[in-house]
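So the chains spell out like this:
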Amino acid sequence: MIEAKGLTKVYGDKTAVGGVSFTVQAGRVTGFLGPNGAGKSTTMRMIMGLDAPTSGSVTVNGEPFAQHKAPLREVGALLDAKAVHTSRTAYNHLLAMAATHSIPKSRVHEVIEMTGLGDVAKKKVKGFSLGMGQRLGIAAALLGDPQTIILDEPVNGLDPEGVVWVRNLVKYLASEGRTVFLSSHLMSEMALTADHLIVIGRGRIIADAPIAEIITGKGHARTRVRTDQPERLMQLLAGTGVSVEVHERELLEVSGLDPRGIARTALDNQVMVYELTPLQASLEEAYMELTKDEVEYHSHITTGASVPAQAGGK
Amino acid sequence: MSTTTVDRKSIRNSVGPGPSFHRVLNSEFIKFRTLMSTLILLASTALVMVGFAALSAWGTGQFAEQVANDPEAAAAMAAQGGDLAVSIPTSGISFAQLILGSLGVLLMSSEFTTGMARSTFAAVPKRLSPFLAKLIVVMVSSFLLTAVSTYIAGLVSLPIVDNYGLKLDLGSSQSVKLLLVNSIYVAAVAAIGMALGTIVRNSAGGIMSLVGLLFVAPIAFQLIPGDFFKEANKYLPTSTISPLTAVEHVPETLEAWQAGLVLGAWVVVPVALAMILLKKRDV
């Protein structure tokens, strides 16, 4: 379990993390979602004791990370795909890390096999692709067989097979009762992997809820309706809390009323409906909705050919 | 998918040993010997030490031959104590200190430039024990390498000086003293390098500061007029070797014990500063 209380990190006049409090529970995959620059990596570095919080505190299993007797056996972290001296081989890197905790060589071989690095383990990390670097980082995180696993953007640079592998791995680790905390800026990936979501934007927690709640919670349930009498149906549906958009001549999108209600209204008034499809808001939409005011780097399309990404207002 | 070895359903706090100092020392030693660049620097140090000694043996022999034909020069040489050959084995020392000092810088700065530091200090979050373990590895290896290279350099030089009729006794107390003092000195420079690498966290910057201290400052201090710099020059690390190895105290230099203290301070102060900064700063 990871517990952050009023965790704050200020760099000069810029607040990277602004007093966040959250709890990451054991036994489920908790996603840490936010746009680039939202403070995800800074928060994770503070959990690992690499960056000191400006104020506030964070504990792992009840104690600050640095106070644990066997840190690698307590928490495994992938903070950066290349937190490795790239002139060393993958095997020697893991061996040196393992030596600090007397973790046997057999375990080093195990995590190499587990992460599919068998063929390249004796090669210098310099030549690794981003995906292999991620696998090495995950291997290092698993080395101490830790109760808590922290992965910062683990699927970055992985091929589709690797993405599925990480997804299954983290779910499996959580099913064993471990605490799994992984960050991403890819909402679609989170929708498939996480059980619980903590959404961060500009250093502040925007949402902290089970993933299903975040998807449905924003009143985004809509229904696609096709009818040969769109004008009549619009009039009938018009009412408090119901909004209707006309998409094509005979296609409407209704929100604020469930499909059963729409069908009842249509039936009562003899309007023929030939499609009635519930539309679930994607997490992506929910996320955009949540973070639309919190994105630090907005893209602005300027007149001309270039599309520079400009820093948003402070 | 292959699975982890753990099949217990409920997982409690960690079991198994944590990072004791000897484990961290072992880890740092693995890191030290698994980098090709480190091994190349060590090998080139040995090569340079032996090569320079051989050159110096040849040059000294030539010089001695000239002197033998010139009674005036022979008299001048005799007045200086006459033991020309004894310092031959350590004649490559200024290159050894540069290479091993740079190695000291690199071993720490590369932790930060490559991101390895995040792995190192996540595994051992108390931070000072990896630093001290690395310091021990760097100092001991620099000491041993210099000592062994000096001895081999002496062995290689023996037949050359012998050819010119000069005497070189590797077992003499002055030979042993030169070997030990120079090896300790190089170990001290490597420690200064590692401290600089920790403080500036940048390879080029660290090596440049080290070169500034070891090569630029002694020359600059001599060129700048005024007694202050002449006095300050005596307290530079490079100025401590000759008082420590002199047969008799040479005027205008420190006493041997003072030189020892000065060299010690050159190690302790930067290392202490590096440790404070390492503990305080974010990784």
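All values derive from a computational prediction rather than experimental measurement. Along each chain, the written sequence defines residue order, and numbers are assigned to residues from 1. Labels are handed out in written order, letters beginning with A for the chains and numbers beginning with 1 for the ligands. Reporting in this predicted model follows two pLDDT cut-offs: at least 70 for local features of residues, and 80 or more for side-chain atom pairs to be given and counted; totals over whole chains, interfaces and linings ignore these cut-offs and use all residues. By convention in this description, side-chain values take in all heavy atoms of the structure and omit both hydrogens and water.

## Observations concerning the overall build of chain B
Secondary structure assignment for chain B yields eleven helices and zero strands. Helix numbers and strand numbers start at the N terminus; a helix is a DSSP run of H or I with at least 4 residues, a strand a run of E with at least 2. Shown N-terminal to C-terminal, the secondary structure of chain B runs as helices and strands in the order α-α-α-α-α-α-α-α-α-α-α. Each residue gets one of three labels from its accessible area relative to the maximum for its type: buried under 20%, exposed over 50%, partly exposed in between, using a 1.4 Å probe on protein chains only. Classification of the 283 residues of chain B by burial places 47% in the buried group. Throughout, the Shrake-Rupley method with a 1.4 Å probe supplies accessible areas, and for residues the shown protein chains are the sole cover considered. Total accessible area on chain B is roughly 13,600 Å²; 68% of this is exposed by carbon and sulfur atoms.

## Brief notes about the packing of helix H6 (residues 128–163) of chain B against helix H11 (residues 256–280) of chain B
Residue and element names in this part refer to chain B. In this analysis an axis means a line fitted to C-alpha atoms, helices contributing only their contacting stretch, and an angle means the value between N-to-C directions, from 0 to 180 degrees. Relative orientation of the contacting elements H6 and H11 amounts to 150°, with a least axis distance of 10 Å. By the angle between their axes, H6 is roughly antiparallel relative to H11. For the element pair H6 and H11, the recorded crossing hand is right-handed. For the pair H6 and H11, the contacting residues are Leu-128, Phe-131, Leu-132 and Leu-135 in the first and Val-271, Ala-274, Met-275, Leu-278 and Lys-279 in the second. Every angle not falling under 35 degrees, over 145, or within 65 to 115 is termed oblique; those three ranges are roughly parallel, roughly antiparallel and roughly perpendicular. For any pair of crossing helices, the crossing counts as left-handed if the nearer helix is rotated counterclockwise from the farther one by less than a right angle, and right-handed if it is rotated clockwise. Contacts are residue-level and defined by heavy atoms, with any inter-residue pair within 4.5 Å sufficient.

## A few points about the packing of aromatic side chains
When we look at a pair of aromatic rings, we describe it by the centre distance and by the angle of the planes. What counts as a ring pair is set by centres within 6.5 Å for rings of Phe, Tyr and Trp (its six-membered ring), and what kind of pair is set by the plane angle: stacked under 30 degrees, edge-to-face over 60, tilted for all other angles. Scanning the model with the defined rule gives seven aromatic pairs over all chains in all. Aromatic side chains B:Phe221 and B:Phe229 sit 5.2 Å apart centroid to centroid with 65° between the ring planes, which places their arrangement in the edge-to-face category. Looking at B:Phe229, the relative accessible area reads 26%, which means it is partly exposed. Members of the aromatic cluster, connected to one another through ring pairs, are A:Phe22, A:Phe32 and A:Phe181. Either the NZ atom of lysine or the CZ atom of arginine qualifies as a charge over a ring when it sits within 6 Å of the ring centre and within 35 degrees of the ring normal. A cation over an aromatic ring shows up here: A:Lys122 above the ring of A:Tyr91, its NZ or CZ 4.1 Å from the ring centre. Over the ring of A:Trp165 we find A:Arg135; its NZ or CZ atom is 5.0 Å from the centre of that ring.

## Brief notes about the pattern of salt bridges
Oppositely charged side chains can form a pair if their charged atoms are brought close together. A pairing counts as a salt bridge when a side-chain nitrogen of Lys or Arg comes within 4 Å of a carboxyl oxygen of Asp or Glu. Tallied over the entire structure, the rule returns 18 salt bridges over all chains. Here B:Glu111 and B:Lys31 are joined by a salt bridge, their closest N and O atoms 2.8 Å apart. Note that B:Glu111 is positioned in helix H4 (residues 93–114) and B:Lys31 in helix H1 (residues 21–33), a separation of 80 residues in sequence. Overlapping salt bridges, with partners in common, bring together A:Arg224, A:Arg226, A:Glu248 and A:Glu275 in one network.

## Points about the confidence of the model for chain A
Scored from 0 to 100, pLDDT reflects the predictor's confidence in each residue. Taken over all residues, the pLDDT of chain A has a mean of 87, while the share at 70 or more is 88%. Predicted confidence is poor over residues 302–314 of chain A, with pLDDT under 50, and the contacts of this stretch with residues over four places away or in other chains come to 17 contacts.

## Brief notes about the sheet that holds strand E4 (residues 55–60) of chain A
In sheet architecture, strand pairing relies on hydrogen bonds along the backbone and comes in two forms, parallel and antiparallel. Residue and element names in this part refer to chain A. Taken together, the three strands give an open sheet; going across it, the order is E2-E1-E4, and neighbouring strands pair in antiparallel fashion. One side of each edge strand has no neighbouring strand; the edge strands of this open sheet are strand E2 (14–24) and E4. The mean inter-strand angle of the sheet, taken between neighbouring strand axes irrespective of direction, is 20°. Across five bridges, strand E1 (residues 2–11) lies against E4 in antiparallel orientation. Bridge assignment links Lys-5 to a residue of E4, and that residue is Ser-57. Packed onto the sheet, helix H1 (residues 40–47) meets E1, E2 and E4 and runs at close to 115° relative to E1. If DSSP finds at least two bridges between two strands, the strands pair.

## A closer look at the interface of chain B and chain A
Facing 43 residues of chain B, the contacting portion of chain A comprises 50 residues. Summing both sides of the interface, chain B and chain A together bury roughly 3,900 Å²; the carbon and sulfur share of this comes to 55%. Here A:Lys9 ties to B:Asp282 by a salt bridge, and the two come within 2.6 Å at their closest N and O atoms. What qualifies as a polar contact is a pair of N or O atoms within 3.5 Å, subject to a donor-acceptor requirement within protein and to the restriction that residues adjacent in sequence count only when both atoms come from side chains. Put simply, chain B and chain A have eleven residue pairs in polar contact (both at pLDDT 80 or more) between them. Those elements that provide at least two residues to the side of chain B that touches chain A are H1, H4 and helix H5 (116–123) of chain B. For the side of chain B that touches chain A, the element with the most residues is H5(B), which contributes six residues. Of the residues belonging to the side of chain B that touches chain A, the class tally is 16 nonpolar, 17 polar and ten charged. Two parts lose some accessible area (1.4 Å probe) when they are put together, and adding that loss for both gives the buried area. Just so you know the grouping, Ala, Val, Leu, Ile, Met, Phe, Trp, Tyr, Cys and Pro go in nonpolar, Asp, Glu, Lys and Arg go in charged, and all remaining residues, Gly too, go in polar.

## Section: a nonpolar patch on the surface
All names here are of chain B. A cluster of nonpolar side chains, namely Phe-21, Leu-132, Ile-136, Val-140 and Leu-144, defines an oily patch on the protein surface of about 390 Å² accessible area. In terms of residue count, H6 provides more of the nonpolar patch than any other element does, four residues in total. Following the sequence through the fold, Leu-132 ends up in helix H6. Exposure above 30% relative accessible area and no salt bridge define the residues that can form patches, which grow by joining like charges within 9 Å and nonpolar side chains of Val, Leu, Ile, Met, Phe, Trp and Tyr within 5 Å.

## Some thoughts on the packing of H4(B) against H6(B)
Residues and elements named next belong to chain B. Relative orientation of the contacting elements H4 and H6 amounts to 160°, with a least axis distance of 11 Å. Considering the angle they form, H4 stands roughly antiparallel to H6. Crossing of H4 against H6: the hand is right-handed. Across from Ile-93, Leu-100, Gly-104, Leu-107, Met-108 and Glu-111 in H4, the residues of H6 making contact are Phe-131, Lys-134, Val-138, Ser-142, Leu-145 and Thr-146. Counted by class, the contact of H4 with H6 contains seven nonpolar, three polar and two charged residues.

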